[in-house]
Each structure stands twice: as structure tokens, then as C-alpha cells.
Amino acid sequence: MKSSQAPGIRLITSFSRDSWYRGFILFLTFLFYTAYHLSRKPISIVKSELHRNCSTVIHPADLNITDNATWCDWAPFDQDNYQTLFGVVDNSFLVAYAIGMFFSGIFGERLPLRYYLSFGMLMSGLFTVLFGLGFYWNIHSLGYYAFIQVMNGLMQTTGWPAVVACVGNWFGKGKRGLIMGVWNSHTSVGNILGSLIAGVYVSSAWGMSFIVPGLIIASTGILCFFFLVEKPEDVNCTPPQHHNDSETETETEPLLQNSSHVVNGAIATEPPEDVEEHPEAISFCGALSIPGVVEFSLCLLFAKLVSYTFLYWLPLYISNVAHFDARQAGDMSTLFDVGGIVGGITAGLVSDYTGGRATTCCAMLLLAAPMLFLYNYIGQRSIGTTIGMLLVCGGLVNGPYALITTAVSADLGTHESLRGNSRALSTVTAIIDGTGSIGAALGPLLAGLISPTGWNNVFYMLISADVLACLFLSRLVYKEAHTWCGRVPRVRGFKEI
């Protein structure tokens, strides 16, 4: 008598070979971009250590103090304009990242993604470590730290277009919002881990707050070189269907679809022949002409402005307003990213169910504006209020940002108007995220310039940015609402308008 299979074996065999590969690629790319964001976060944690209120710090007995207010600060950030200097360091990275992103997608579609990602992570790890070595080499030159940030920003542009293109190659459109909403939590997970790792060393030796994340991202670069599979066809798996003739098929496409298909009445496991009508890479202007790319790009500019202002300035804001030390402020700021995880998943799930990517983004942005106002005025009254407001604001701010940079980018990069040209995905992703990165550079810069006049003005700037982001989506929201009112059958994902 044949014995029954163990429950674990039954679970393993219930998934097809394609499913295991898809799950593996999803995990790998999640790990890779977690490392990218993990290595970006330390600067926001270390800021409050580079410039402190030295009058409250116990100084060594053998130290000859000439200025009681700045003796414990790290030059050149010991000056009165330290917030402006922090803005210079932030924008050295962000401006380089924004400029480089527009070219990164072009390179990503013409170079093997495995080599491109591996090189980017190794070089990003190198420059992150070099920033931290400034502590041990006793470097006090603003030019040194600005140059390191410029080079790191350029290297970090290799990440986003490449990982989105890779995931887009493996996953179809059926439940893309949910899949990418869960997958995009790597941004918040990386921010959380980066904050916690930097917080361990920030008070004792802040250089290690950069060196450890730098070694981590370099290690993931080596992992990428040995294990990343760019396309299903490379391992004889079935490529996903980005567009189906039947809307019913689109609605019922599984998350991890099986590789079997019917040929002449028999089940075959070999992948069907992949035919592309336009195998050449798309031009920059050709990507801009895809319906919806311009609107979502401009919306992301302002959405990312808000998100990155929180990314770079929230720990310092908490330290100044709630009077926490550097480590406590860093730990508290992770709650914003925890809310971002929930917000990203919720945005993907809702947009899949309704078929309205633009409407989902607009609704969350409209809700975020009053929540930011409330957080500034009542968010520091108690620890419970702080925790609750950070979670809510994180979800509403990062939800639209996550949806646009993942599911929307993948939808537009595999748009029907491309007629099967799968090589457009990296360029479209780079255009959308590159435009958003302009906002990511402007946000911290404006925060550095405005914060000396009061934190209230910084929040007014953030609220205005949320409203502007909504305005750029107004035409798309109208079209989606018109479609629903006309009782047109719902299709998941972005539709041509």
C-alpha cells in the first residue's frame, strides 16, 4: 500500500516549477532593493549626532573646550548654518540620483540586468563605506562628503529600473497591484533596517552606521551575480501574459501561474514561443508618448517630494520637537515606514479591485494633506498620539508613491500601445522614477532652507505638494470615474485613455 505524502511535501509539489522560480525572483529582488534603501537611510539618523546641543553633553576632563556650544559637533556641521549644510549633502545624492535615473533606464535595457545590478550594488557599497571612513580618517571637508554622495547617487540609479524590469518580466498584469504592493514594502523594510543598524552605532562611532550598510549592499551585489534570472525564457519557464484578449482571463489570472498549457489536446510544459513585434529598445520620446506616463510622472514628483522629506528630516524633526536623542528619534521614525508598508499593500489591493490606479492615488493623497496638518499640531502631545499619527501619515504618504513606482510603472511599461515590446519597461520606469527623484531632491533642499523659519512652514510646503500631486491626476481620475459610470466592464491595471 502506497503511503501518503507528508504535508510539507504536498505543499511543495502543489506549486509548479514556474511558481517556484517566480517566488524566488520576487524574494531576490525584494532583498536587493531592501539593501539599496538600507544604505540610504544612515545619513538621516547621523544628522542629529553630527550637530548636537553640546551644553548638555558631558565632556572628557582632559579636553580643552574653547566653545561650549559646538565642541561635540563634527566639523563642518558645527556652524550655525548646519541645516543648510545638511541640505547640501542630501542634495548631492538626490540631484545626482535624479539626473542619473533618466539615463539608467536606457542602460538597463541595453545591458544584462544581472551584471548591471551587481555592478551598481558593489559600487554603492564602496561609496557608502567611504562616507563612514570619514569618521576614522578624521575628514572634516564638506567637499569630500558631497562628492561621495554624488557618486553614491549615480550608483544607486542602477537599482530601481532594473528590479522593476525584472519583476515585470516574470509577472503578468492580473494581480500586479497586490503583488507589487507587497513587494514594494522593501522600501520601508530597508528604511527600518537602515535606521536600526545606524542607531546601534550612531552615539559611539557614527562611521560604522555607514560601513555596515555598505558591506551589506555589496554582499547582495555578489548574491545577485550568482543567482539572478532576468527572464522566464532563460530557464525554460512560461513568460507571463501582460495583455489578454479576454477580460475574464485577466480577472482570473493567478498570482503565481502554472507553466502548463494545452497543445493539440495534450498538456505541455515547454514554454510557448515568445514573439515580439518590436524587439528594439524604445526611445525616450517614444516612452513619453505612452498614455499616462507624463501625468503619473508629474504626480510622483510631488508625492516623492513629501516622502523623501520625511525620509531625510523626520528623525531630526522628532529630535528637535520631542527632544529625543539620536537613537530614540531614529527608532521612532521607523513607525512612518511601518505605516508605509501597510499603505503600499492597501493601495495595490484597492487599485486591483477597482481598476482605478489614479483614483486610488488621488484619494490617499487628499487624505494625507489634513493628516500632515494634524501630525504637526498634535502629533507630539503624547507617545500614543505620536505613534498613531506616524503610522497613519506613513501609510497615506507612501501608499501612492509605492503604487506609482511599481504597479503603475509596470502597467505603462507593458502598455497595449507597445504591441509586445517588452524592452520598454526599464525606460518607462526610469522616466517615472527619475521625474519623481527631482521632487525627492527638492523636498529635503526646501526643508533645509525653510526649517530655520519654523517647522510649521515645512509642513505647509508638504501639504501643498500633496494637493499639487492630486491636481496632476485629475484628468485620469475623471476618465476612470467616467468609465465606471458608463458601466464598462472593469479591467485590472491602467487602461489607455
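Residues numbered from 1 in each chain as written. Predicted model: local features only at pLDDT ≥ 70, side-chain atom pairs only at ≥ 80, totals over all residues. Heavy atoms only, no water.

## What to know about the overall build of the chain
And step 1. Along its length, the chain carries 19 helices and two strands.
And step 2. Buried positions account for 56% of the 497 residues belonging to the chain.
And step 3. Just so you have it, the chain exposes about 20500 Å², and 66% of that area is on carbon and sulfur atoms. (Helix = DSSP H or I, 4+ residues; strand = E, 2+ residues; numbered from the N terminus. Buried < 20%, exposed > 50% of the residue type's maximum accessible area, 1.4 Å probe, protein only. Areas by Shrake-Rupley, 256 points an atom, 1.4 Å probe, with all protein chains shown as cover.)

## A look at the pattern of salt bridges
And step 1. The full count for this structure, using the stated rule, is five salt bridges.
And step 2. Notably, a salt bridge pairs Lys47 with Asp90, separated by 2.5 Å at the nearest N-O pair. You can see Lys47 sitting in helix H3 (residues 42-50) and its partner Asp90 sitting in helix H4 (residues 82-110), a full 43 residues away along the chain. One exposure class covers both Lys47 and Asp90, and it is buried.
And step 3. Lys304 serves as the salt-bridge partner of Asp433, at 2.7 Å between the closest nitrogen and oxygen. A residue pair is termed long-range when its members are at least 10 positions apart, and Asp433 in helix H17 (residues 425-450) and Lys304 in helix H13 (residues 293-322) qualify at 129 residues. Taken individually, Asp433 and Lys304 each receive the classification buried, so the pair is uniform in this respect. (Salt bridge = Lys/Arg side-chain N within 4 Å of Asp/Glu carboxyl O.)

## Some words on the packing of aromatic side chains
And step 1. Under the definition given, this model contains 29 aromatic pairs.
And step 2. The interplanar angle of 90° and the centroid separation of 5.0 Å between the aromatic rings of Phe135 and Tyr136 together place this pair among those described as edge-to-face.
And step 3. You can call Phe135 partly exposed: its relative accessible area is 23%.
And step 4. What makes Tyr136 partly exposed here is its relative accessible area of 43%.
And step 5. Between Tyr308 and Tyr401 the ring centres are 6.4 Å apart and the planes differ by 70°, which places this aromatic pair in the edge-to-face class. Taken together, the positions of Tyr308 in helix H13 and Tyr401 in helix H16 (residues 383-413) put the pair 93 residues apart, joining distant regions of the chain. Neither Tyr308 nor Tyr401 differs from the other in exposure class; each is buried. (Phe/Tyr/Trp six-rings, centres within 6.5 Å; stacked < 30°, edge-to-face > 60°.)

## Quick word on the environment of Phe86
And step 1. Looking at where Phe86 falls in the secondary structure, it is placed in helix H4.
And step 2. In this structure the C-alpha to C-alpha distance between Phe86 and Trp313, which are 227 residues apart in sequence, comes to 9.7 Å.
And step 3. Residues in contact with Phe86, not counting those within four places in the same chain, are Lys47, Leu50, His51, Phe77 and Trp313. (Contact = heavy atoms within 4.5 Å.)

## A few points about the packing of helix H15 (residues 357-378) against helix H19 (residues 474-485)
And step 1. The contact between H15 and H19 brings their axes to 8 Å, and the two run at 120°. Here H15 lies oblique to H19, going by the angle between them. In the packing of H15 onto H19, the handedness of the crossing is left-handed. Across the interface between the two elements, Arg357, Ala358, Thr359 and Cys362 of H15 pack against Leu476, Val477, Glu480 and Trp484 of H19.
And step 2. Residue classes in the contact of H15 with H19 are distributed as five nonpolar, one polar and two charged. (Axes fitted to C-alpha atoms, helices over the stretch in contact; angles between N-to-C directions. Parallel < 35°, antiparallel > 145°, perpendicular 65-115°, else oblique. Left-handed = near helix turned anticlockwise from the far one by under 90°. Nonpolar A, V, L, I, M, F, W, Y, C, P; charged D, E, K, R; others polar.)

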